[in-house]
Amino acid sequence: MSIKNLNPYLMFNGTAGRAIKLYESALGAKAEGLMRYGDIPGNTPAPENRDLIIHAALRIGPGLVMVSDSTPDRPVPQESNTEVCLGFDDVADMTRVFEALAAGGAVTMPLQDTFWGAKFGTLTDAFGIRWMFNCDIKKA
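Here's a quick rundown of the structure. (Residues numbered from 1 in each chain as written. Predicted model: local features only at pLDDT ≥ 70, side-chain atom pairs only at ≥ 80, totals over all residues. Heavy atoms only, no water.)

1. As for the overall build of the chain
So, point 1. Tallying secondary structure elements over the chain gives two helices and eight strands in all.
So, point 2. When the helices and strands of the chain are placed in sequence order, the string is β-α-β-β-β-β-α-β-β-β.
So, point 3. If one aligns the C-alpha atoms of the chain with their principal axes, the spans along those axes are about 60 × 35 × 25 Å.
So, point 4. Taking all 140 residues of the chain together, 36% fall into the buried category.
So, point 5. Taking all contacts inside the chain whose residues are at least 6 apart in sequence as the whole, residues at least 24 apart take part in 51%.
So, point 6. Charge centroids of the chain, computed over 13 positive and 16 negative side chains, lie 3 Å from each other. (Helix = DSSP H or I, 4+ residues; strand = E, 2+ residues; numbered from the N terminus. Buried < 20%, exposed > 50% of the residue type's maximum accessible area, 1.4 Å probe, protein only. Contact = heavy atoms within 4.5 Å. Lys, Arg positive; Asp, Glu negative; His and termini not counted. Charge placed at Lys NZ, Arg CZ, Asp CG, Glu CD.)

2. Side note on the pattern of salt bridges
So, point 1. Enumeration over the complete set of coordinates arrives at five salt bridges.
So, point 2. In this structure, arginine 130 engages glutamate 79 in a salt bridge whose closest nitrogen and oxygen atoms are separated by 3.4 Å. Separated by 51 residues along the polypeptide, arginine 130 in strand β8 (residues 130-136) and glutamate 79 in the loop between β4 (63-69) and β5 (84-88) bring together distant segments of the chain.
So, point 3. For the salt bridge of arginine 130 with glutamate 83, the shortest nitrogen-to-oxygen distance reads 3.4 Å. Pair noted here: arginine 130 is in strand β8 and glutamate 83 is in the loop between β4 and β5, with a separation of 47 residues, a long-range link.
So, point 4. Residue classification places glutamate 83 among the partly exposed positions, given a relative accessible area of 32%.
So, point 5. Here the residues in one salt-bridge network are Glu79, Glu83 and Arg130, joined through shared partners. (Salt bridge = Lys/Arg side-chain N within 4 Å of Asp/Glu carboxyl O.)

3. Here's the deal with helix α1 (residues 16-27)
Every α-helix carries 3.6 residues per turn, so stepping three or four residues along brings you back to the same face.
So, point 1. Across its 12 residues, α1 extends 15 Å between first and last C-alpha, which sits within 8% of the 16 Å expected from 1.5 Å per residue.
So, point 2. Among the residues of α1, those classed as buried are Ala16, Ala19, Ile20, Leu22, Tyr23, Ala26 and Leu27. On an axial view of α1, the arc spanned by its buried residues comes to 165°, and they lie on one face. Looking at α1, the residues exposed on the side facing more than 90 degrees away from the buried face are Arg18, Lys21 and Ser25.
So, point 3. Glycine 28 occupies a position one or two residues after α1 and carries a positive phi of about 70°. (Expected span 1.5 Å × (residues − 1). Arc of directions from axis to C-beta.)

4. Here we look at helix α2 (residues 91-102)
So, point 1. With 12 residues, α2 extends 16 Å between its outermost C-alpha atoms, agreeing within 8% with the 16 Å of an ideal straight helix rising 1.5 Å per residue.
So, point 2. Of the surrounding elements, those touching the buried residues of α2 are α1, β5, β6 (106-113), β7 (118-124) and β8.
So, point 3. Within two residues after α2, glycine 104 carries a phi angle of roughly 80°, on the positive side.

5. Notes on the packing of aromatic side chains
So, point 1. Applying the stated criterion to the full structure yields six aromatic pairs.
So, point 2. An angle of 70° between the planes, with centres 5.4 Å apart, marks the rings of tyrosine 23 and tryptophan 131 as edge-to-face. Residue tyrosine 23 is found in helix α1, and its partner tryptophan 131 is found in strand β8; the two are separated by 108 residues along the sequence.
So, point 3. Relative to phenylalanine 133, the ring of phenylalanine 88 lies with its centre 5.9 Å away and its plane at 10°, an arrangement referred to as stacked. A residue pair is termed long-range when its members are at least 10 positions apart, and phenylalanine 88 in strand β5 and phenylalanine 133 in strand β8 qualify at 45 residues.
So, point 4. Exposure remark for phenylalanine 88: the relative accessible area of 18% places this residue in the buried category.
So, point 5. Here phenylalanine 133 falls in the buried class, since its relative accessible area comes to 0%. (Phe/Tyr/Trp six-rings, centres within 6.5 Å; stacked < 30°, edge-to-face > 60°.)

Below is the structure:
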């Protein structure tokens, strides 16, 4: 098979820049290749669209998530059947990140011990992105 990687692409309705700042702060993400609609050669977007993000790649741990704003004439739905799952190896670190992403959002399942031997929880962040958190608990 010729697929070399799989990257989720998170779409926002004008809030991608603020979401990137949250993910940099909460997840230690590193933004790469950030481009705005106003950066497109030969393109003159409406003034209110110039600073919208047309593309950015966020390095989060070993993973890569791509981010973009939709233009106001093509809004993206806030609900979907997709969640971004973060796997941790440290419960304290996971708890810190969970609390940081929950700020301004909604916890749908608090972090808790599970039958599969992990601490697990889910939330929707302030930008409508749904996240799953999982940390396997070492058995003594």
